[in-house]
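Structure at a glance
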Amino acid sequence: MRIGVRLGVDPGDARIGVARCDPMGIIATPVETVPRGDGDIARIAAILDEENAIEVVVGLPRSLNGSEGPAAVKVRKFAGALARHVAPVPVRLCDERLSTVTAEAQLRSQGRKGQKRRAVVDQVAAVVILQNALETERARGSAPGEIVIITDDVAPEGDSA
């Protein structure tokens, strides 16, 4: 298991959930919900610096059969823009199937309803994504997911993808 704080990111259309793990990579905890739009990638980069993170894990939405649809295309574009902004810190894409469903269920079981739940569901989904990545790394002994390769064919669009 690698040593160092990692950030987990759950990019949505309106909000981006951010989580972090301890330096030993044992447990993920919520950090912040970043509004989607101008300045979102810069804010995530600032959190990365504040936490001295060694890596960013971005949740890649896949369908239950493993295929990728329009949401995955958006996330790949976002992850590419984030990778360009935070280089040389690596950005990885990890399968996030059912992370929001899991996060919603956890919050419901805690009795959180309506606005209170919506305010933190993105952070909890980021925790689920990061925790799954940490457990995968522990089980396999290697970094999870796929590394985002920075290419010139995806032009950045301001701060947001």
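Next up on the list: the pairing of strand β1 (residues 6–11). Within a regular beta strand, the side chains point alternately toward one face of the sheet and then the other, so they alternate between its two faces. Of all six residues making up β1, six are buried, and the element is well covered by its neighbours. Burial along β1 is two-sided: Arg6, Gly8 and Asp10 facing one way and Leu7, Val9 and Pro11 facing the other are all buried. Direction of pairing for β1 relative to strand β4 (residues 55–60): parallel, over a ladder of four bridges. When the bridges of β4 are listed, Leu7 appears paired with Val56. Bridge count for β1 against strand β2 (residues 15–21) is five bridges, and the pairing is antiparallel. Of the residues in β2, the one forming a bridge with Asp10 is Gly17. Hairpin connection, β1 to β2: the antiparallel pair is bridged by three residues.

This paragraph deals with the nonpolar core. In this structure, Ile44, Val58, Leu82 and Val91 are the most contacted members of the largest nonpolar core, which totals 26 residues. Taken together, the elements giving at least two residues each to this core come down to β1, β2, α1 (40–51), β4, α2 (70–86) and β5 (91–95). When sequence neighbours within four positions are dropped, the list of residues in contact with Val58 reads Val9, Pro11, Val75, Ala79, Leu82, Val91, Arg92, Leu93, Cys94 and Ile129. Of all hydrophobic cores here, the second largest spans eleven residues; its members include Cys21, Cys94, Leu130 and Ala133.

As a further point, take the sheet that holds β1. One open sheet holds the six strands; their spatial order is β3-β2-β1-β4-β5-β6, and the pairing between them is mixed. Each edge of the open sheet carries a strand with a single partner, namely β3 (28–35) and β6 (146–147). Along the sheet, α2 makes contact with β1, β2, β4, β5 and β6, crossing β4 at roughly 170°.

The subject of this paragraph is the layout of surface pockets. One number sums up the size of the largest pocket: a volume of about 270 Å³. Around the largest pocket, the lining comprises 15 residues; the ones closest to its centre are Asp10, Pro11, Gly12, Asp13 and Glu96. Those elements that place two or more of their residues in the lining of the largest pocket are β1 and α2. Ranked by residue count, the leading element in the lining of the largest pocket is α2, at four residues. Classifying every residue of the lining of the largest pocket by side-chain character gives six nonpolar, two polar and seven charged.

As a further point, take α2. The end-to-end C-alpha distance of α2, which contains 17 residues, comes to 24 Å, matching closely the 24 Å that a straight helix rising 1.5 Å per residue would cover. What α2 keeps buried is the set Ala72, Val75, Phe78, Ala79, Gly80, Ala81, Leu82, Ala83 and Val86. Along its buried surface, α2 packs onto β1, β2, α1, β4 and β5.

Cut-offs used in this document
Residues take numbers from 1 onward in each chain, read along the sequence in its written order. Local features in this predicted model are restricted to residues of pLDDT 70 or higher, and side-chain atom pairs are both shown and tallied only at a pLDDT of 80 or more, whereas totals for entire chains, interfaces and linings draw on every residue. To obtain the side-chain values, all non-hydrogen atoms of the structure were included, while hydrogens and water were left out. Burial here depends on accessible area, computed with a 1.4 Å probe over protein chains only, as a share of the maximum for the residue type. Under 20% is buried, over 50% is exposed, and the range in between is partly exposed. We count a stretch as a helix when DSSP gives it H or I for four or more residues in a row; a strand needs E for two or more, and each element gets its number in order from the N terminus. Only when DSSP finds a minimum of two bridges between them are two strands counted as paired. Among buried residues, those of type Ala, Val, Leu, Ile, Met, Phe, Trp, Tyr and Cys that are joined through side-chain atoms within 4.5 Å constitute a nonpolar core. Here, residues are in contact when the closest pair of their heavy atoms is within 4.5 Å. Think of each axis as a best-fit line through the C-alpha atoms, taken over the contacting stretch in the case of a helix, with angles from 0 to 180 degrees between the N-to-C directions. A pocket here means an open set of points on a 1 Å grid, computed over the protein atoms alone, that has protein on both sides within 12 Å along at least five of seven lines. A cavity is instead a set of points where a 1.4 Å probe fits but cannot get out; residues with an atom within 4 Å of a point line either one. Grid points are joined across faces, edges and corners, and a volume is the space filled by probe spheres set on the points. Residues are grouped as follows: nonpolar covers Ala, Val, Leu, Ile, Met, Phe, Trp, Tyr, Cys and Pro; charged covers Asp, Glu, Lys and Arg; every other residue, Gly included, is treated as polar. Every helix has an expected span of 1.5 Å times one less than the residues it contains.

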